[in-house]
Amino acid sequence: MIVLDANAGVPMYEQVYEAVKVHIEQGLFRPGQRLPSIRAMAAQLGVSKITVEQAYLQLATEGYIQAHNRAPYEVLEIPQPLIGYYDGMTPINSTSDRTYGIVGNLGELKEEVLSSVKPKGVRQSLTDAGKQKVEKLISDCDGCTTSTLNNALPKGMNRQPTPIRYNFATGAMDPEGFDFKRWKRFIGYALRDTKRLMTYGQLEGEPELRSALNQYLQQARGVRATAERILVTSGTLNSLHMIASLLQRQGKSKVAIDRQSPSFAKALWKDYGFSVLEVDTGGPQLIATLQAVNVEVLYCMPSHGDSMGRIMTIQERTELLRWAQSQSAFIIEDDYDSELRYYGKPVLSLQGMDLQDCVIYMGTPSKVLPPSIRLSYLVLPVVLYEDFHKHRKAYGQSAGVLEQLVWAMYMDEGEWHKQIRRLRKHYLEKSKYFTSLLRHYLDDTYEVIDPEGGVYAGIRKACSQGDVLRKRALGAGCDIKVIDKDETGVVEVLLSFSGIPTRDLERAVQVLAEAWKGL
């Protein structure tokens, strides 16, 4: 029986989600069983249909249930809970009676942070919205550079490189989405602490920031950590350098990386002497592939949607952890843009499910704060945490003290949660407008995927030559991110809408559509 508490300080849909999830995990709802319809469940619990629908959608996203056309949701088979040990670090402060790896009662976190952002739609027409006045706070440096495109142009075309006018490839933060005045205010506060600013700072990072990150990661992402185990770094590249060094000392030499990994990741691992295999972490043969080549480290982004907007399900996460435990392997979880889910709450981190201490967790605020604020963070397994301190003299702190103190104040004053809420609303509306433009200007041979979070929309196109879409786009001054061509000959493309101001989006899509005309 499901019982809800209107005075719990937790959104009703989260209570429904958590209750149904527990019923599934405890076998009260069996695999193959149909859940009550949305209408029936809403009537049974005395809540709105929207509340139940939000809970069901979250469960479907995580892989607990599956939707069927005009039929109730079906419960999916969930692997048995992982058996492991607890590493002795301080547990999560949760008011739930459930233990590690599950975010329980989120009463300490404001409801507005994790509650669903309900779409209001974009009220402008296609033409009006493309001309709306938007105050441009910053410009995306990637969008004003000139790429060396001669090698990408068709043979026989001898011309100068085409400047990139519209950068659909960058995942940079939207220039319209940050209030610099608020950030400037905290810079002023931090500048008063002149004594701190005259030092290089602590090697692990400033304690105020590590404490604020610890509280946020436990509450919002279910990460099992203490402030002491969090290391502050100066960007994803710097984090990966540190991880590669630590793993090298552990005797690891074979790494598999997600095909959506940052472009510099493959070269970095090779520089450290690792053999590198690119894999599709959403593919059905992932575990078999990892076992076949004896992979010792996997770099993946479980909560980052692929071109179809799909994230790693609970079944896939459990099997991945089983593989790591059985092979004494490490998983690097890059929690890329996990804060920017449009509907429901962010999915629990893979590290939060890890009971064998084999997941290295890394994150960055670069999708919520401007990327020029070069900060990121790591949560290390105990064995790597101890090795880091043993060889701590080999590392230096490259993150600035000023920026760390400012971000810590920004979080402590609640601005971080407000900024996430603002961006989720902004990106939801902008993504709807962007996908409507794509459907309007592209022909029916292009499948446009509505994103459920982040700053990319996916496109699928049957194309005999996988690079022809990119060549045509580059020739028109548009940069795009081509993922790959699957076994059916369908090319998957990711198009970012964040780096292009809203007022320029319509023209940008028109240029891209014209370049792809006739394919």
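Structure first, text after, so check above.
Residues numbered from 1 in each chain as written. Predicted model: local features only at pLDDT ≥ 70, side-chain atom pairs only at ≥ 80, totals over all residues. Heavy atoms only, no water.

Participant: Looking at this structure, how should I read the packing of helix α6 (residues 180–191) against helix α16 (residues 415–441)?
Facilitator: Helix-helix packing is described using two parameters, namely the angle between the two axes and the distance between the axes. α16 packs onto α6 with a crossing angle of 165 degrees between their chain directions and a minimal axis gap of 12 Å. Between α6 and α16, the interaxial angle falls into the category roughly antiparallel. Read as a crossing pair, α6 and α16 show a hand that is left-handed. Residues Arg182, Arg185 and Phe186 of α6 form the contact with α16, whose own contacting residues are Glu415, Lys418 and Arg422. Residues that form the contact of α6 with α16 fall into these classes: one nonpolar, no polar and five charged. (Axes fitted to C-alpha atoms, helices over the stretch in contact; angles between N-to-C directions. Helix = DSSP H or I, 4+ residues; strand = E, 2+ residues; numbered from the N terminus. Parallel < 35°, antiparallel > 145°, perpendicular 65-115°, else oblique. Left-handed = near helix turned anticlockwise from the far one by under 90°. Contact = heavy atoms within 4.5 Å. Nonpolar A, V, L, I, M, F, W, Y, C, P; charged D, E, K, R; others polar.)

Participant: Help me out: how do you make sense of the nonpolar core in this one?
Facilitator: Across soluble globular proteins, you tend to see nonpolar side chains buried next to one another. The biggest cluster of nonpolar side chains holds 74 residues, and the ones touching the most others in it are Phe168 and Trp407. Here this core gets nine residues from one element, more than from any other, and that element is α16. When residues no more than four places from it in sequence are discounted, the contact partners of Phe168 are Phe434, Tyr456, Cys478, Asp479, Ile480, Leu494, Leu495, Ser496, Ile500, Ala508, Val509 and Leu512. Judged by nonpolar contacts, the second largest core, of 41 residues, contains Met41, Ala42, Ile78 and Leu286. (Core = buried A, V, L, I, M, F, W, Y, C linked by side-chain atoms within 4.5 Å. Buried < 20%, exposed > 50% of the residue type's maximum accessible area, 1.4 Å probe, protein only.)

Participant: I would appreciate a short explanation of the side chain of Arg317 in the present structure.
Facilitator: Within the secondary structure, Arg317 is located in helix α12 (residues 314–327). No salt bridge is formed by the buried Arg317; the nearest opposite charge belongs to Glu333, separated by 4.7 Å. Among the polar contacts listed, one links the side chain of Arg317 to the backbone oxygen of Pro302, at a separation of 3.3 Å. Beyond its immediate stretch of four places on either side in the chain, Arg317 contacts Pro302, Ser303, Ile311, Met312, Val347, Leu348, Ser349, Leu350 and Met353. (Lys, Arg positive; Asp, Glu negative; His and termini not counted. Salt bridge = Lys/Arg side-chain N within 4 Å of Asp/Glu carboxyl O. Polar contact = N/O pair within 3.5 Å; in protein donor to acceptor, adjacent residues only side chain to side chain.)

Participant: How do you make sense of the sheet that holds strand β8 (residues 330–334) when you look at a structure like this?
Facilitator: Strands in a sheet are paired, the pairing made by backbone hydrogen bonds, and the direction either parallel or antiparallel. Spatial strand order, β4-β10-β9-β8-β7-β5-β6: seven strands in an open sheet with mixed pairing. Edge positions in the open sheet fall to β4 (230–233) and β6 (275–279), since each of these has one partner strand only. Adjacent strand axes in the sheet meet at a mean angle of 20 degrees, parallel and antiparallel pairs treated alike. Sheet analysis places strand β9 (residues 359–363) next to strand β10 (residues 376–379), joined by three bridges and oriented antiparallel. In the strand pairing of β10, Gly363 is matched with Tyr377. In this fold α12 packs onto β7 (297–300), β8 and β9, with an angle of close to 140 degrees to the strand it touches most, β8. (Pairing = 2+ DSSP bridges.)

Participant: What is the right way to look at the pattern of salt bridges in this model?
Facilitator: Opposite charge on two side chains lets them pair, provided their charged atoms get close. Under the defined criterion, the tally for this structure stands at 20 salt bridges. Here Glu319 makes a salt bridge to Arg322, at a shortest N to O gap of 4.0 Å. Taken together, the residues Glu319 and Arg322, both in helix α12 and three residues apart, mark about one turn of the helix. Close ionic contact of Glu415 with Lys418 constitutes a salt bridge, the shortest N to O distance being 4.0 Å. Here Glu415 and its partner Lys418 are both found in helix α16, three residues apart, which amounts to about one turn of the helix. Each of Asp179, Arg182, Glu415 and Lys418 takes part in a single network of salt bridges with overlapping partners.

Participant: Can you walk me through helix α8 (residues 207–221) in this structure?
Facilitator: Residue pairs three or four apart in sequence face the same way in an α-helix, which turns once every 3.6 residues. In this model α8 runs 20 Å from its N-terminal to its C-terminal C-alpha over 15 residues, within 8% of the 21 Å that 1.5 Å per residue would give. With respect to burial, α8 is a largely interior element, 11 of its 15 residues being buried. At its buried positions, α8 is contacted by β4, β9, β10, α15 (401–412) and α16. Once α8 finishes, Gly222 follows within two positions and takes phi at roughly 70 degrees, a positive value. (Expected span 1.5 Å × (residues − 1).)

Participant: I keep staring at the packing of α6 against α15 and nothing clicks. Help me out?
Facilitator: Two elements in contact, α6 and α15, have axes separated by 9 Å at closest approach and are oriented at 120 degrees. Considering their axes alone, α6 and α15 lie oblique with respect to each other. Judged by the sense of rotation from one axis to the other, the crossing of α6 with α15 is right-handed. Note on element contacts: α15 touches α6 through Leu402, Leu405, Val406, Trp407, Met409 and Tyr410, opposite Trp183, Phe186, Ile187, Tyr189, Ala190 and Leu191. Class assignment of the residues belonging to the contact of α6 with α15 gives a composition of 12 nonpolar, no polar and no charged.

Function cannot be read off these values alone, since they describe shape.
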